[in-house]
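# A closer look at the structure
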Amino acid sequence: MERQTYEKGRLICQKDEKAESLFLIQDGIVEVALKYDRRREDQNFVIERLARGAIINHRSFMVRDDADTDFVCLTTVSVFVLNYNKFYEIKRKRQDLK
């Protein structure tokens, strides 16, 4: 896994974007949010707040589906990222992961 930092207000994942990466939050807070009023693009409906230890995109990542919600950084966030190509490479080498 590779460590990355995202600034406050930045999207980690966007709704309807293919889930090419899995994220493990090391530090910071991420909001799971949806846009609910087209007239107010700057406001989101917050479903949940994720903190240290939470995993983002685990289901969508495993089946290569699209993300269902936006993941927005409420604070500066540090994450560990596993992209699908690296995952596939590891899976190919390990018999027990097939």
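Residues numbered from 1 in each chain as written. Predicted model: local features only at pLDDT ≥ 70, side-chain atom pairs only at ≥ 80, totals over all residues. Heavy atoms only, no water.

With respect to the secondary-structure elements, Asp 27 resides in strand β3 (residues 21-27). Separated by 58 residues in sequence, Asp 27 and Asn 85 have C-alpha atoms that sit 25 Å apart. Contacts of Asp 27, omitting those with residues within four sequence positions, involve Thr 76, Val 77 and Ser 78. (Helix = DSSP H or I, 4+ residues; strand = E, 2+ residues; numbered from the N terminus. Contact = heavy atoms within 4.5 Å.)

If you walk through the whole model with that rule in mind, you get zero disulfides. Summary of cysteine pairing: Cys 13 is not part of a disulfide, and the nearest cysteine sulfur, belonging to Cys 73, is at 9.8 Å. You can call Cys 13 buried: its relative accessible area is 5%. (Disulfide = S-S within 2.5 Å. Buried < 20%, exposed > 50% of the residue type's maximum accessible area, 1.4 Å probe, protein only.)

In the predicted model, the chain carries a mean pLDDT of 85, and the fraction of residues at 70 or more is 96%. The least confident element of the chain is helix α1 (residues 58-63), whose mean pLDDT is 77; the most confident is strand β1 (residues 2-6), at 94. (pLDDT = per-residue confidence, 0-100.)

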